[in-house]
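Here is how the chains run, residue by residue.
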Amino acid sequence: MAKSKTQFVCSECGADYSKWQGQCGECKAWNTLKEFREATGAAARQPNFQDDKRTGFSGSRSQIQKLSDVSLEEQARIPTGMGEFDRVLGGGLVSGSAVLIGGHPGAGKSTLLLQTLCHLARQLPVLYVSGEESVQQIALRAQRLNLPMDALSILAETSVASITETAQETRPRILVIDSIQVMHAPDVESAPGSVSQVRESAAWLTRFAKQTGTVLILVGHVTKDGSLAGPKVLEHMIDASVMLESSGDSRFRTLRAIKNRFGAVNELGVFAMLDVGLKEVKNPSSIFLNKSSEPSPGSVVTVVWEGTRPLLIELQALVDGTSMGHPRRIAVGLDTNRLSMILAILNRHGGVFTGDQDVFLNVVGGVRVTETSADLATLLAVVSSLRDKPLPKDWVVFGELGLNGELRPVPNGLERITEAAKHGFRKAIVPKANAPKKPIEGMTVIGANRLDDVFSAWADV
Ligand code: TYD
Ligand code: MG
């Protein structure tokens, strides 16, 4: 039995420690340190998969090259055939890259991959390795989803050494591991799913991918209790990490890039889980909006910029007299500090006092807003709820608020207004600098300099 060195690794952030402690010194999470045995046997001496000049990795000694001499041809993207998936990846899969698809069990990771791979397999050699489901289960699902089944190679296996051995013989261009939590590497003693196994197995597989120019797709389950190694442990090893999450309505799934060496992060892809598998939602704005006919107080529609496209979302506020001494400010899907700042601006420059009110704010549909363009909508939602006065149904607002009560422009103003017009909105209140020079058909745009301009436009209704 190979000797091994014991270490402790945080399953949240991947920080290393030589001794166990209750709290991780890096990310401050409690009880996340897991024992990790560094392999010194075969796992430490990983085989050299291919001495390949093209990828620049070799088992023996790598050569220095000039950046301009590096061959770029293999960087060509492989489109997955699903537009929303490609968008999140930054335009398709890149050869030699490792992609992690994370999500809660049942999110639809296996379904998404099975659907894309069955189609991709017709053009490229692809290997789908399942350690969770039997080959029969996969075949049954593919049949039920009516997918082309003739080209996809599948393998039920959980040993990374056997997987890379098979892959070296069959040379797939795309290798899918479903999931990394059930894989085990040689000479690592701990149970599959433990930090050590996940880390060693992923290292083994990414090394294979880099050396052979194979696209590696790892599936990783996220659990709340942290009993399995979270994908955080893997994040430094992989090139792109995407999360498949279910948003408010359980039918919809959002795919979001957390890290991407080959594209924009915060790109959002939207899917619907139907009885025929995952379907792309080409027009996601429509699903996050409430179609009810009655305008309701506290509800405001705004346009946020998600990666490379506009997205219409609805903000809801509930403002209610506080029953305890200390008023509460709770924001779901939005930064609570930002909400407090907006309430201060509202008091100082809008003359609306909320110091004796609890303020709850929610972004409908489970969307997370990180942009400042939602400031104006937040403020109006609060005022609308406080006064019990709805905003007209066909209004859309966006803009950043400055601490002096001024409205500041946000990027891509025109695209945002056009998107809102496409969805039937007729009046847009935006920062003056975002108001387009040319009129937009069917849309009245009010360019506002300050909060006062916004309130007087609302008073005129
Ligand atoms: P799955 O891809 O197995 O999830 P993961 O691999 O992320 O754990 O998806 C399983 C869920 O998706 C399950 O709850 C059933 C649902 N589902 C559908 O609603 N329709 C379908 O056509 C399929 C294949 C799954
Ligand atoms: Mg699965």
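Before reading on, note that the structure itself is shown above.
Rules and cut-offs
Residues numbered from 1 in each chain as written. Chains lettered and ligands numbered in written order. Predicted model: local features only at pLDDT ≥ 70, side-chain atom pairs only at ≥ 80, totals over all residues. Heavy atoms only, no water. Core = buried A, V, L, I, M, F, W, Y, C linked by side-chain atoms within 4.5 Å. Buried < 20%, exposed > 50% of the residue type's maximum accessible area, 1.4 Å probe, protein only. Helix = DSSP H or I, 4+ residues; strand = E, 2+ residues; numbered from the N terminus. Domains from an automatic or database assignment. Contact = heavy atoms within 4.5 Å. Pairing = 2+ DSSP bridges. Axes fitted to C-alpha atoms, helices over the stretch in contact; angles between N-to-C directions. Expected span 1.5 Å × (residues − 1). Near = heavy atom within 4 Å. Polar contact = N/O pair within 3.5 Å; in protein donor to acceptor, adjacent residues only side chain to side chain. Areas by Shrake-Rupley, 256 points an atom, 1.4 Å probe, with all protein chains shown as cover. Nonpolar A, V, L, I, M, F, W, Y, C, P; charged D, E, K, R; others polar. Parallel < 35°, antiparallel > 145°, perpendicular 65-115°, else oblique. Left-handed = near helix turned anticlockwise from the far one by under 90°.

Asker: How should I be thinking about the nonpolar core in this particular structure?
Answerer: Nonpolar side chains in soluble globular proteins tend to end up buried together. Core analysis: the biggest nonpolar cluster contains 46 residues, and Ile313, Leu334, Leu376, Leu379, Leu380, Val397 and Phe455 have the highest contact counts within it. Those elements giving two or more residues to this core turn out to be β13 (268-274), β15 (299-306), β16 (309-321), α7 (336-350), β18 (357-363), α8 (375-387), β19 (395-397) and α10 (451-459). The dominant element in this core, judged by the number of residues it contributes, is α8, at seven residues. The two domains that each donate at least three residues to this core are domain 2 (79-282) and domain 3 (287-459). The contact partners of Leu376, leaving out residues within four places of it in the chain, are Val397, Phe398, Gly399, Leu401, Leu407, Ile429, Leu451 and Val454.

Asker: Help me out: how do you make sense of the sheet that holds strand β7 (residues 126-130) in this one?
Answerer: Sheet strands associate in pairs through backbone hydrogen bonding, adopting either a parallel or an antiparallel arrangement. Read from one edge of the open sheet, nine strands run β8-β7-β9-β10-β6-β11-β12-β13-β14, paired in mixed fashion. On the outer flanks of this sheet lie β8 (153-156) and β14 (277-280), each paired with one strand and no other. Each strand axis lies, on average, 25° off the axis of its neighbour in the sheet, ignoring direction. With four bridges connecting them, strand β9 (residues 174-178) and strand β10 (residues 215-221) associate as parallel partners. In the strand pairing of β10, Leu175 is matched with Leu216. Where helix α2 (residues 109-120) meets the sheet, its contacts fall on β6 (98-103), β7, β9, β10, β11 (240-246), β12 (252-260), β13 and β14, and the angle it forms with β7 comes to roughly 155°.

Asker: In this structure, what is going on with α2? I would like to understand it.
Answerer: Because an α-helix completes one turn every 3.6 residues, residues spaced three or four positions apart along the sequence face the same direction. Taking 1.5 Å per residue, 12 residues should reach 16 Å; α2 reaches 16 Å between its end C-alpha atoms and fits that length. Buried residues of α2: Lys109, Ser110, Thr111, Leu112, Leu113, Leu114, Gln115, Thr116, Leu117, Cys118 and Leu120, and no others.

Asker: Before we go on, may I ask you to explain the side chain of Thr302 in this structure?
Answerer: Tracing the chain through its elements places Thr302 in strand β15. Judged by its relative accessible area of 0%, Thr302 is buried. Residues in contact with Thr302, not counting those within four places in the same chain, are Leu311, Leu312, Ile313, Leu315, Ser373, Ala374, Ala377, Val396, Val397 and Phe398.

Asker: Honestly, the site of ligand 1 in this entry has me stumped. Any pointers?
Answerer: What surrounds ligand 1 is a group of 17 residues, the closest being Gly106, Lys109, Ser110, Thr111 and Leu274. A distance of 2.6 Å is found between an oxygen atom of ligand 1 and a side-chain nitrogen or oxygen belonging to Ser110. In this structure, Thr111 approaches ligand 1 through a side-chain N or O atom, which is 2.5 Å from an oxygen atom. Protein chains shield 73% of the accessible area of ligand 1, which is 560 Å² for the free molecule. No other element matches α2, which puts three residues into the shell around ligand 1. Split into classes, the residues belonging to the shell around ligand 1 amount to six nonpolar, seven polar and four charged.

Asker: What is the right way to look at the packing of α2 against helix α3 (residues 135-144) in this model?
Answerer: How two helices pack is summed up by the angle between their axes together with the distance between the axes. Two numbers describe how α2 lies on α3: the axes approach to 11 Å, and their chain directions differ by 70°. For the element pair α2 / α3, the angle class is roughly perpendicular. By crossing handedness, the relation of α2 to α3 is classed as right-handed. Across the interface between the two elements, Ser110, Thr111 and Leu114 of α2 pack against Ile138, Arg141 and Ala142 of α3. The class makeup of the residues in the contact of α2 with α3 is three nonpolar, two polar and one charged.

Asker: What should I look at first to understand the packing of α8 against α10 in this one?
Answerer: Where α8 meets α10, the axes come as close as 12 Å, and the angle between the chain directions of the two elements is 50°. When the axes of α8 and α10 are compared, the pair comes out oblique. Judged by the sense of rotation from one axis to the other, the crossing of α8 with α10 is right-handed. Where α8 approaches α10, its residues Leu376, Leu379, Leu380, Val383 and Ser384 are matched on the opposing element by Leu451, Val454, Phe455 and Trp458.

Asker: Help me out: how do you make sense of the sheet that holds β15 in this one?
Answerer: Pairing is mixed in the open sheet, where four strands are placed in the order β15-β16-β18-β17. Two strands close off the open sheet at either side, each with one partner strand: β15 and β17 (329-332). Neighbour-to-neighbour, the strand axes of the sheet open up by a mean angle of 20°, direction not taken into account. Against the sheet, α8 contacts β15, β16 and β18, and its axis sits at roughly 35° relative to β16.

Asker: Quick question: what am I supposed to make of unusual backbone geometry here?
Answerer: Most peptide bonds are trans, and most residues other than glycine sit at a negative phi. Ser179 follows Asp178 through a cis peptide bond whose omega is 0°. Residue position: Ser179 is located in the loop between β9 and α5 (195-212). Even without a glycine there, the phi angle at Lys28 is positive, about 65°. Tracing the backbone through its elements, the reader meets Lys28 in the loop between β2 (16-17) and β3 (33-38). Not every positive phi belongs to a glycine, and Asn412 is a case in point at roughly 60°. On the secondary structure map, Asn412 appears in the loop between β21 (407-408) and α9 (413-422). On the basis of relative accessibility, which here comes to 28%, the residue Asn412 falls in the partly exposed class.

Bear in mind that shape data such as this cannot, by itself, settle questions of function.
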